[in-house]
Amino acid sequence: MNRKIVLSVPADINYLATVESFAELLIKRFELSEEERTAFSRRLRITLNEAFVNVLKHTPVPENALVEIEFEIDTPELVIRFPDWGKGVAIDGCYPPYPQKLIGSDHLFLKTIDGEVHFSVESDRVLKLWFKDFAENLNPDNLLENVSEGGMGLSIIVKTMDEARFVWDEERGHYLEIRKHLGNFK
Amino acid sequence: MNYTFEMNKDVLIARIQAKRATVEFAGKFKEDLIKKIDESSNKVVVNLNQCEFVDSSFLGALVAGLKKATMKGGDLKIVGLQHPVQAMFELTRLYRIFDIFENEKDAVESF
């Protein structure tokens, strides 16, 4: 059964704890063991935190705006959409809709201590984010040199959830779409 | 107050006194931590034993503190990770760059 919940909160960092706490309410909608519930609740909470902060920090928020976070529960999948006020990600100077020549291409988005966040251009309006893991080949001698204070938020979302995409469409504008398949989150 | 600073011999101790250590005070904490490292000591211990949740902004502040302390020839060590916070250090793999201790005494004596 497909159910949709929309959480509408002021685009203000003072509402961050409210957004995070929605994880606890949402988790009750799923039939999970106690262990699964604890693990998923933590992952969902940090995802909501990072995605909300991402909207506030990295897109031009209008005065008195509301962030309308959409939760689509289509068991066993949970889809979360975080709309923002950005134009999307620029690739070679192009914003979505991207030209045909970019479709199928892959791009480095940012680096973290243990890997890289990339995006693949799935269509003229969709970028799929993925994490290239270097954990097995980390050089302990220069770890601190390579670690950055920023950029961890998006990598946390990509690692924690099953799928993450930046999507642009004429109606809704730009948004981050996150998917979690509840059958395999352990 | 979300955090305090105190000296134990020549070691600067930062105690986070909040259940959520997040972007709401991460920027100010980073600023104060860097200033304290400059003014007081390059040997730093950050005690997180009251924290149940940390986000990437707060972890970024710890990374900034570690970089500052090591640049001045010292180190920044972490104490008291509750399970959800430990999980964040593992997820981000920051445990690879921080020395992590169970209590302040062990962390202070490790310098």
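Here we summarise the structure given alongside this text.

Calculation notes
Residues numbered from 1 in each chain as written. Chains lettered and ligands numbered in written order. Predicted model: local features only at pLDDT ≥ 70, side-chain atom pairs only at ≥ 80, totals over all residues. Heavy atoms only, no water. Helix = DSSP H or I, 4+ residues; strand = E, 2+ residues; numbered from the N terminus. Rg over C-alpha atoms; globule rule 2.2 N^0.38 Å. Contact = heavy atoms within 4.5 Å. Areas by Shrake-Rupley, 256 points an atom, 1.4 Å probe, with all protein chains shown as cover. Buried area = accessible area lost by both parts, 1.4 Å probe. Salt bridge = Lys/Arg side-chain N within 4 Å of Asp/Glu carboxyl O. Polar contact = N/O pair within 3.5 Å; in protein donor to acceptor, adjacent residues only side chain to side chain. Nonpolar A, V, L, I, M, F, W, Y, C, P; charged D, E, K, R; others polar. Buried < 20%, exposed > 50% of the residue type's maximum accessible area, 1.4 Å probe, protein only. Axes fitted to C-alpha atoms, helices over the stretch in contact; angles between N-to-C directions. Parallel < 35°, antiparallel > 145°, perpendicular 65-115°, else oblique. Arc of directions from axis to C-beta.

### Looking at the overall build of chain B
- Along chain B, the regular secondary structure elements total four helices and seven strands.
- Going residue by residue from the N terminus, the α and β elements of chain B occur as β-β-β-α-β-β-α-β-α-β-α.
- Computed over C-alpha atoms, the radius of gyration of chain B comes to 12 Å, within 12% of the 13 Å expected from 2.2 N^0.38 for 111 residues, which places it in the range of a compact globule.
- Considering only C-alpha atoms, chain B reaches an extent of 30 × 25 × 25 Å along its principal axes.
- Considering only contacts in chain B between residues 6 or more positions apart, those separated by 24 or more positions represent 72%.
- Approximately 4900 Å² of chain B is accessible, and the part contributed by carbon and sulfur atoms is 44%.

### Regarding the interface of chain B and chain A
- Tallying the contact residues gives 26 residues for chain B and 28 residues for chain A.
- Buried surface at the junction of chain B and chain A, summed over both partners, amounts to about 2300 Å²; 64% is from carbon and sulfur atoms.
- Here chain B is connected to chain A by four salt bridges.
- In this structure, the connection of chain B to chain A is made through eight residue pairs in polar contact (both at pLDDT 80 or more).
- Residue assignment for the side of chain B that touches chain A shows that the elements contributing at least two residues are α1 (23-39), β5 (53-54), α2 (56-71) and α3 (83-91) of chain B.
- Broken down by element, the side of chain B that touches chain A gets its largest block of residues, nine residues, from α2(B).
- A breakdown of the residues in the side of chain B that touches chain A according to their chemical character gives 12 nonpolar, seven polar and seven charged.

### Considerations on unusual backbone geometry
- Put simply, A:Pro96 and A:Pro97 share a cis peptide bond, and its omega is 5 degrees.
- A positive phi angle is found at B:Lys9, which is not glycine, with a value near 55 degrees.

### Re the environment of A:Val126
All names here are of chain A.
- Along the chain, Val126 falls in strand β6 (residues 126-133).
- Taking relative accessible area as the criterion, Val126 reaches 15% and is therefore assigned buried.
- For the pair Val126 and Tyr98, spaced 28 residues apart in the sequence, the C-alpha separation amounts to 8.9 Å.

### Notes on the packing of α1(B) against α2(B)
Residue and element names in this part refer to chain B.
- Two numbers describe how α1 lies on α2: the axes approach to 8 Å, and their chain directions differ by 10 degrees. If you check the angle between α1 and α2, you find them roughly parallel. Judged by residue contacts, Val23, Phe25, Ala26, Phe29, Lys30, Leu33, Ile34, Ile37 and Asp38 of α1 engage Ser57, Phe58, Ala61, Leu62, Ala64, Gly65, Lys68 and Ala69 from α2.
- When the residues that make up the contact of α1 with α2 are grouped by side-chain class, the tally is 12 nonpolar, two polar and three charged.

### Considering α3(B)
- Taken together, the buried positions of α3(B) are occupied by B:Val85, B:Met88 and B:Phe89. Along the long axis of α3(B), the arc covered by the buried residues comes to 100 degrees, so they all point the same way.
- The secondary structure elements touched by the buried residues of α3(B) are α2 (34-58) and α4 (152-160) of chain A together with β5, α2, β6 (75-79) and β7 (99-101) of chain B.
- B:Arg93 sits one or two positions beyond α3(B) and adopts a positive phi of about 60 degrees.

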